[in-house]
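# Overview (structure and organization)
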2 protein chains.
Amino acid sequence: MVPRLTTALTGPLLDLERRILDNDTTVERWLRTQWLEHTPPFYSSVDLRNAGFKLAPVDTNLFPGGFNNLNPAFLPLCVQAAMSAIEKVCPEARNLLLIPENHTRNQFYLMNVARLATILHHAGLNVRIGSLLPELSAPTTLDLPDGQKLTLEPVRRIGPEGRRLGLDEFDPCAVLLNNDLSGGVPPMLQNVNEQFMIPPLWAGWHVRRKSAHFAAYQEVATSFGAELDIDPWLINPEFAVCGKVNFHERAGEDCLAANIDTLLNRMRAKYQEYGIGAEPFVIVKADAGTYGMGIMTVKDASEVRNLNRKQRNKMAVVKEGLAVTEVIIQEGVPTVERVDEGTAEPVVYMIDRYVVGGFYRVNTSRGIDENLNAPGMTFKPLAFETGCTLPNADLDPDAPPNRFYAYGVVARLAMLAAALELERAAPPL
Amino acid sequence: MVPRLTTALTGPLLDLERRILDNDTTVERWLRTQWLEHTPPFYSSVDLRNAGFKLAPVDTNLFPGGFNNLNPAFLPLCVQAAMSAIEKVCPEARNLLLIPENHTRNQFYLMNVARLATILHHAGLNVRIGSLLPELSAPTTLDLPDGQKLTLEPVRRIGPEGRRLGLDEFDPCAVLLNNDLSGGVPPMLQNVNEQFMIPPLWAGWHVRRKSAHFAAYQEVATSFGAELDIDPWLINPEFAVCGKVNFHERAGEDCLAANIDTLLNRMRAKYQEYGIGAEPFVIVKADAGTYGMGIMTVKDASEVRNLNRKQRNKMAVVKEGLAVTEVIIQEGVPTVERVDEGTAEPVVYMIDRYVVGGFYRVNTSRGIDENLNAPGMTFKPLAFETGCTLPNADLDPDAPPNRFYAYGVVARLAMLAAALELERAAPPL
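Residues numbered from 1 in each chain as written. Chains lettered and ligands numbered in written order. Predicted model: local features only at pLDDT ≥ 70, side-chain atom pairs only at ≥ 80, totals over all residues. Heavy atoms only, no water.

## Structural notes on the interface of chain A and chain B
Inclusion rule: Whether two residues touch is decided by their heavy atoms; if any such pair falls within 4.5 Å, the residues are in contact. Accessible-area loss on putting two parts together, using a 1.4 Å probe and summing over both, is the definition of buried area adopted here. For this document, the term salt bridge refers to a Lys or Arg side-chain nitrogen within 4 Å of an Asp or Glu carboxyl oxygen. Definition of a polar contact: a pair of N or O atoms within 3.5 Å, with one able to donate and the other able to accept a hydrogen when the atoms are protein atoms, and with sequence-neighbouring residues admitted only if both atoms are side-chain atoms. Strands here are runs of E lasting at least two residues and helices are runs of H or I lasting at least four, both read from the DSSP assignment and numbered beginning at the N terminus. By the convention adopted, Pro, Cys, Tyr, Trp, Phe, Met, Ile, Leu, Val and Ala count as nonpolar, Lys, Arg, Asp and Glu as charged, and the other residues, Gly among them, as polar.
With 37 residues of chain A at the interface, the matching set in chain B holds 36 residues. For the chain A face of the interface with chain B, the top three residues by lost area are A:Arg29, A:Arg32 and A:Gln80, together amounting to 20%. Here chain A and chain B share four salt bridges between them. Residue A:Arg29 pairs with B:Glu92 through a salt bridge whose shortest N-O separation is 4.0 Å. For the pair chain A and chain B, the interface holds 18 residue pairs in polar contact (both at pLDDT 80 or more). Looking at the side of chain A that touches chain B, the elements with two or more residues in it are α2 (24–37), α3 (75–89), α4 (107–122) and β17 (354–363) of chain A. Taken together, the residues that form the side of chain A that touches chain B break down as 19 nonpolar, nine polar and nine charged.

Structure below.
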């Protein structure tokens, strides 16, 4: 099943897809040489937007939570990629502790955890799930909707002076975080120096900023654009940042309005250059936000000056009730893709440097210029049936294998940006 | 489609499969740590025999010629594994020259070459096919039965003093051999020191000996057996060698007869130990033979003393008309597998250290104790539909995913043996 496009694409994006397709070996070699100098994250997922005239990442997740949405036919790809990832990080590892989010009521998320554990088991690790939930005092087995069972066990400090992280009678060599640390690093995870922590703690949202990611992405897009002789704007969402915003107190509105104005003007110029008839919009969101919280679509700077109380409340806090002070204003990329009458955007999953699958996030109650990670969203797991690695030069550039290949390429550019971002965020040795 | 077994397996092999299954993470970790010390061949295929009481490799090919027989659904696995292999050998490579066998009339083989070229292209290499055929003086495009086209170009020496191998206007960074060099290294391939030659020339059958491979395999099987507490005999075909045989002149018959006797006696003892009712047999074959040539099944030492002229002629020469003087006597492993009323044996394909697929070699005109690589053989490409990487502990040990997992494990042990063999065969630096 491949979602139909609502427009017949003939503008700049087809040119872009054609250029990626015609130069696929150049693309792969360029990426390969990048990985000689940079280390890909253990795993990642990238939300993309295909606007017909532009194909760009809009969010890169270093704690992907939808492995259960991948086509099961791609499970061997996940296992093989995980083998490669483990070989690099901790080849001698026998036991791995997987630390998930504390969402024990989200059955979909729990199926993601189960799928991840399955992948890692097949890659050759004894996997157990360590929960940070304070109320979990003993191993607890949960029934999942698909008939599987998942056992959560309380994480504890073990070994001499409690220097290691583990479970009862389980001393892992490596700890895989599937918890984005939005609320900061819990004491339980602090000062763990004897075990491999994957990804490193500074990949957590207590440290990460979308703006740092997209600054790195801009460099990657520029370099890739030069390699393939394409305008980086076609794959790069521009952005600006306001660092001292307080929505409750209406502080920082001038910064927001000025940046929105500048960005919209730049977009209008680019739209004119490419003959794009659409109305530009920007997305205003928390620079450290996740879960689709604290996000608004803006088409005119005046909108941020006239927020009502409800809107201000919505923008002021994100996951774990954290107050928002740093805000990113990102070029809005409309999506032209629709699945089952819903607005859709592709999400590409990667383990190590390999694309291992993808799916569509679909929301029937949202428009093409809105955040889809919101109530009403569903997932189409089987959408990427041809995979992202087998472009076919005999087909049109927008034929599914070719479109998915282009998606996989742009997603890998975002992953490369994440690699740069993590390098730069690493504390000095 | 999974072939039915002609017997209900309840003897030692089920125990073996169960032990591999119960210890899958140990198996994977053990293999992973082996690859820290040894380099897997770029690609390989292994012929296995499942006797019900024993599961063993009987031949390991370092120039696999049946990629076209793999389930196309596994193509992404091949591409991902090839990316990993290339990253290790020649990450900066842009152009790769693929040198196939000279079988331009074997359409199946040509489809293998086309499939290999496709895999390598998707892995990010510009691939062209260089032929060693002396009569090929210009690029020649062949039509394949599946509608594809394959262009062969004459290989030549290029660059200053002709130090490099290439084609007209094509200077490859790496050369991938899919030619087993049975007839020795052609002058065209000699003294190529500026380009990566994959696999190294000493992987060719002009140097390789089955006995060196199975000596290395015996070590691997012993070490693996110790790790999993299983009798290595259950996965290891024993063997002996006679180095000075001349079938035409009836020289070396005493050596053959004595070794056959010894091996059959050892087998009888093992059969008794495991309560196996079958009649032992050995396979006598050229130590450097390929293509199923120069092979006979022997149940009593007297048989090699009474060869008629036709039998002697058959045993005396192998591919490219080479005379046989070195002979391996290998423990015969009957196969209990049948596909479409034909005797069948699994063939497992690997790229780098990853199992990427497999198929059954089927021969309706051969018995369970005979070589199947002979006229009448066919291939069942879709047989390995579940892949070899996803064992399922909830199923019986001989359920298809588990049986295929065991096949993938034993095949990887043979690949590890090939790695050891190549290390030892390497000329001093």
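## Quick word on the state of the cysteines
Residues and elements named next belong to chain B. Test applied: Disulfides are defined in this document as cysteine sulfur pairs within 2.5 Å. Burial here depends on accessible area, computed with a 1.4 Å probe over protein chains only, as a share of the maximum for the residue type. Under 20% is buried, over 50% is exposed, and the range in between is partly exposed.
Applying the stated criterion to the full structure yields two disulfides over all chains. Here Cys242 is linked by a disulfide to Cys255, with a sulfur-sulfur distance of 2.2 Å. Its S-S torsion of approximately -95° makes the covalent link between Cys242 and Cys255 left-handed. Within this pair, whereas Cys242 is found in strand β11 (residues 239–242), its partner Cys255 is found in helix α6 (residues 253–273), the two being separated by 13 residues in sequence. Exposure remark for Cys242: the relative accessible area of 0% places this residue in the buried category. Its relative accessible area of 31% is what places Cys255 among the partly exposed residues. Its sulfur unpaired, Cys90 is 5.2 Å from the next cysteine sulfur, which belongs to Cys173. Take Cys90: its relative accessible area is 3%, and that puts it in the buried class.

## A few points about the relation of the copies chain A and chain B
Note the cut-off: Superposing the copies works by least squares over the C-alpha atoms of residues that have pLDDT at least 70 in both of them.
Superposition of chain A onto chain B requires a rotation of 180° combined with a translation of 0.0 Å along the rotation axis, giving an RMSD of 0.0 Å. A rotation of that kind, with that shift, is consistent with a two-fold axis. By C-alpha distance to the rotation axis, the residue of chain A lying nearest is A:Leu77, at 2.9 Å. Interface overlap between copies: 97% of the residues of chain A at the interface are likewise at the interface in chain B, consistent with a symmetric, same-surface contact.

## Here's the deal with a negative patch on the surface
What counts, and what does not: Only residues above 30% relative accessible area that lack a salt bridge enter a patch, with like-charged residues linked at up to 9 Å and the nonpolar side chains Val, Leu, Ile, Met, Phe, Trp and Tyr linked at up to 5 Å. All accessibility values rest on the Shrake-Rupley procedure with a 1.4 Å probe; residue burial counts only the protein chains present in the view. Counted charges follow a simple rule, with Lys and Arg positive, Asp and Glu negative, and His plus the chain ends left uncounted. Think of each charge as sitting on NZ of Lys, CZ of Arg, CG of Asp or CD of Glu.
Taken together, the side chains of B:Asp261, B:Glu279, B:Asp300 and B:Glu303 present a region of like negative charge at the surface. With relative accessibility at 52%, the residue B:Glu279 sits in the exposed group.

## Let's talk about the pairing of strand β1 (residues 43–50) of chain A
Within β1(A), eight of the eight residues are buried, leaving the element largely enclosed by the surrounding structure. Covered by surrounding structure in β1(A) are A:Tyr43, A:Ser45, A:Asp47 and A:Arg49 together with A:Ser44, A:Val46, A:Leu48 and A:Asn50, the residues of both alternating faces.

## Observations regarding the confidence of the model for chain A
Put simply, the test is: The predictor attaches a confidence to each residue, and that confidence, scored 0 to 100, is pLDDT.
With 95% of its residues at a pLDDT of 70 or more, chain A shows a mean pLDDT of 90. Scored as a whole, the predicted complex attains pTM 0.92, and scored at its interfaces, ipTM 0.90.

## Things to note about the nonpolar core
Definition in use: In plain words, nonpolar cores are sets of buried Ala, Val, Leu, Ile, Met, Phe, Trp, Tyr and Cys residues tied together by side-chain atoms within 4.5 Å.
Counting residues in hydrophobic clusters, the biggest one holds 89 residues, and the most contacted among them are A:Leu98, A:Ile351, B:Leu98 and B:Ile351. If near-sequence neighbours (up to four positions away) are discounted, B:Leu98 is found in contact with B:Val113, B:Leu116, B:Ala117, B:Val127, B:Arg128, B:Ile129, B:Gly130, B:Leu176 and B:Asn178.

## Let's talk about the environment of A:Arg366
All names here are of chain A. Here Arg366 is to be found in the loop between β17 and β18 (377–380). The exposure class of Arg366 is partly exposed, given its relative accessible area of 28%. For Arg366 and Ala344, which are 22 residues apart along the polypeptide, the C-alpha to C-alpha distance reads 9.3 Å. Among all residues touching Arg366, those that are not within four sequence positions of it are Thr343, Asn371, Leu372 and Ala374.

## Examining the sheet that holds strand β14 (residues 327–331) of chain A
Sheet strands pair by backbone hydrogen bonding; their relative direction is either parallel or antiparallel. Residues and elements named next belong to chain A. Counted only if it meets this: If DSSP finds at least two bridges between two strands, the strands pair. Note on geometry: axes are C-alpha line fits, over the in-contact stretch for helices, and angles between N-to-C directions span 0 to 180 degrees.
Judged by pairing direction, the sheet is antiparallel, and its four strands sit side by side in the order β11-β14-β12-β13 without closing on themselves. In this open sheet, the two strands that pair with only one neighbour each are β11 (239–242) and β13 (295–298). This sheet shows a mean twist of 20° between the axes of neighbouring strands, independent of strand direction. With five bridges joining them, strand β12 (residues 282–286) and β14 adopt antiparallel strand pairing. Of the residues in β14, the one forming a bridge with Val284 is Ile329.

## Brief notes about the packing of helix α5 (residues 210–228) of chain A against helix α8 (residues 400–425) of chain A
All names here are of chain A. The line we're drawing: Any angle that is under 35 degrees is reported as roughly parallel, and any over 145 degrees as roughly antiparallel; angles of 65 to 115 degrees are reported as roughly perpendicular and all others as oblique. Helix crossings fall into two classes, left-handed where the near helix is turned counterclockwise from the far one by less than a right angle and right-handed where it is turned clockwise.
Contact pair α5 / α8: the axes reach a minimum separation of 8 Å and the direction vectors enclose 125°. Our classification of the angle between α5 and α8 gives oblique. Judged by the sense of rotation from one axis to the other, the crossing of α5 with α8 is right-handed. Each of Ala212, His213, Ala216, Tyr217, Glu219, Val220 and Phe224 in α5 lies in contact with α8, whose residues at this interface are Val409, Val410, Leu413, Ala414, Leu416, Ala417, Ala418, Leu420, Glu421 and Arg424. Partitioning the contact of α5 with α8 into residue classes produces 13 nonpolar, one polar and three charged.

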